[in-house]
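Spelled out from the first residue to the last, the chains are:
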Amino acid sequence: MGSLKIIILGPPGAGKGTQATQIAARYDVPHISTGDIFRKNLREETPLGLEAKTYMDNGLLVPDSLTVGMLKDRISEEDCRHGYLLDGFPRTLAQADALVGLGEQIDAAINLQVDYAPLIERIAGRRVCGNCGSAYHIITAPPKVENVCDNCGTELYQRDDDKAETVEKRLVEYDEKSKPLVAYYENNGLAKHVDASAPIEDVTNQIFSILDKLA
Ligand code: AMP
């Protein structure tokens, strides 16, 4: 299997990162998370990271001018020649248009559908590994040893922007700027809706049954 170009859409906390890890492994494509790339740049204090920081800290989207260039560089790397999974991109209509402008032909846009109400709680319990990117939840998906990554043994942390006050702003930002992407990908026939309020494994299975037909 391989050669799939997949997008995963959904509000913050819908489970994009968790599902993206499973999808990338099954279809053997790189998992490209623009949020992870920004966080890495932030940790390393690169010019891009420093520019993105104010937006991220405030729960706002980083401007398209910065984000599109970064994504373009990433997908032009060798490992993306036979497909990729984009997690957190596009997040605006302009970013979706930029992908078209780059000549990228997407096979599917998986849309994780969830009610907003449980999202704040889901996000508040999220803990992530800064080393390998694995994500956990203190109640629904805890690591084997408290606060330690199962994969690499690194101590887990809570993202600054996962704190309650920022989460609400991220949801507003999603509603205004990213939600229109659902209609955009419905109009071009690529949207595949998935009920993401189901247990994690059920959501994964729904996604696999859609993507298996395309692989
Ligand atoms: P995420 O890990 O996908 O939730 O992203 C964390 C933060 O990084 C977002 O709240 C934005 O500030 C920024 N970010 C990630 N991806 C994008 C994108 N495609 N466009 C603009 N900002 C982004």
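See the structure above.
Cut-off values and rules
Residues numbered from 1 in each chain as written. Predicted model: local features only at pLDDT ≥ 70, side-chain atom pairs only at ≥ 80, totals over all residues. Heavy atoms only, no water. Helix = DSSP H or I, 4+ residues; strand = E, 2+ residues; numbered from the N terminus. Buried < 20%, exposed > 50% of the residue type's maximum accessible area, 1.4 Å probe, protein only. Contact = heavy atoms within 4.5 Å. Near = heavy atom within 4 Å. Polar contact = N/O pair within 3.5 Å; in protein donor to acceptor, adjacent residues only side chain to side chain. Areas by Shrake-Rupley, 256 points an atom, 1.4 Å probe, with all protein chains shown as cover. Nonpolar A, V, L, I, M, F, W, Y, C, P; charged D, E, K, R; others polar. Pairing = 2+ DSSP bridges. Axes fitted to C-alpha atoms, helices over the stretch in contact; angles between N-to-C directions. Left-handed = near helix turned anticlockwise from the far one by under 90°.

A. Spatial organisation of the overall build of the protein. On a plain count of helices and strands, the protein comes out with nine helices and eight strands. The principal-axis extents of the C-alpha atoms in the protein amount to approximately 40 × 40 × 35 Å. Classification of the 215 residues of the protein by burial places 47% in the buried group. Of the contacts formed within the protein by residues at least 6 apart in sequence, a portion of 70% connects residues at least 24 apart.

B. Seen up close, the side chain of Arg126. Tracing the backbone shows Arg126 in strand β5 (residues 126-129). Residue classification places Arg126 among the buried positions, given a relative accessible area of 18%. Arg126 has contacts with Gly13, Tyr136, His137, Gln158, Arg159, Asp162 and Arg170, leaving out every residue within four places of it along the chain.

C. Examining the site of the ligand more closely. What surrounds the ligand is a group of 16 residues, the closest being Thr34, Arg39, Leu60, Gly88 and Gln95. In this structure, a nitrogen atom belonging to the ligand sits 3.0 Å away from a main-chain N or O atom of Val62. Taking Arg91, its side chain carries an N or O atom lying 2.9 Å from a nitrogen atom of the ligand. Out of a free accessible area of 470 Å², the ligand has 96% covered by protein chains. Among the residues making up the shell around the ligand, the classes are represented as six nonpolar, five polar and five charged.

D. View of the sheet that holds strand β7 (residues 156-157). Read from one edge to the other, the open sheet built from three strands follows the order β6-β5-β7, with strand pairing classed as antiparallel. The outermost strands of the open sheet, each flanked by one partner alone, are β6 (135-137) and β7.

E. Quick look at the packing of helix α2 (residues 34-43) against helix α3 (residues 47-57). Where α2 contacts α3, the two axes come as close as 8 Å, and the packing angle between them is 115°. In the crossing of α2 with α3, the sense of the turn from one axis to the other is left-handed. Together, Gly35, Phe38, Arg39, Asn41 and Leu42 of α2 and Leu48, Gly49, Ala52, Lys53 and Met56 of α3 make up the contact between the two elements. Tallied by class, the residues present in the contact of α2 with α3 amount to five nonpolar, three polar and two charged.

F. A look at the pairing of strand β1 (residues 5-9). The element β1 is extensively covered by neighbouring structure, given that five of its five residues are classed as buried. Neither face of β1 is exposed, since Lys5, Ile7 and Leu9 on one face and Ile6 and Ile8 on the opposite face are all buried. In the sheet, β1 pairs with strand β3 (residues 84-87) via four bridges, with the strands oriented parallel. Note on β3: the bridge partner recorded for Lys5 is Tyr84.

G. Region of the structure containing the sheet that holds β1. Taken in spatial order, the five strands line up as β2-β3-β1-β4-β8 in an open sheet, and their pairing is parallel. Both outer strands of the open sheet, β2 (31-33) and β8 (191-195), are each paired with one neighbouring strand and no more. Sheet twist, expressed as the average angle between the axes of neighbouring strands with direction ignored, equals 25°. In the sheet, β1 pairs with strand β4 (residues 108-113) via four bridges, with the strands oriented parallel. The residue of β4 that forms the bridge with Leu9 is Asn111.

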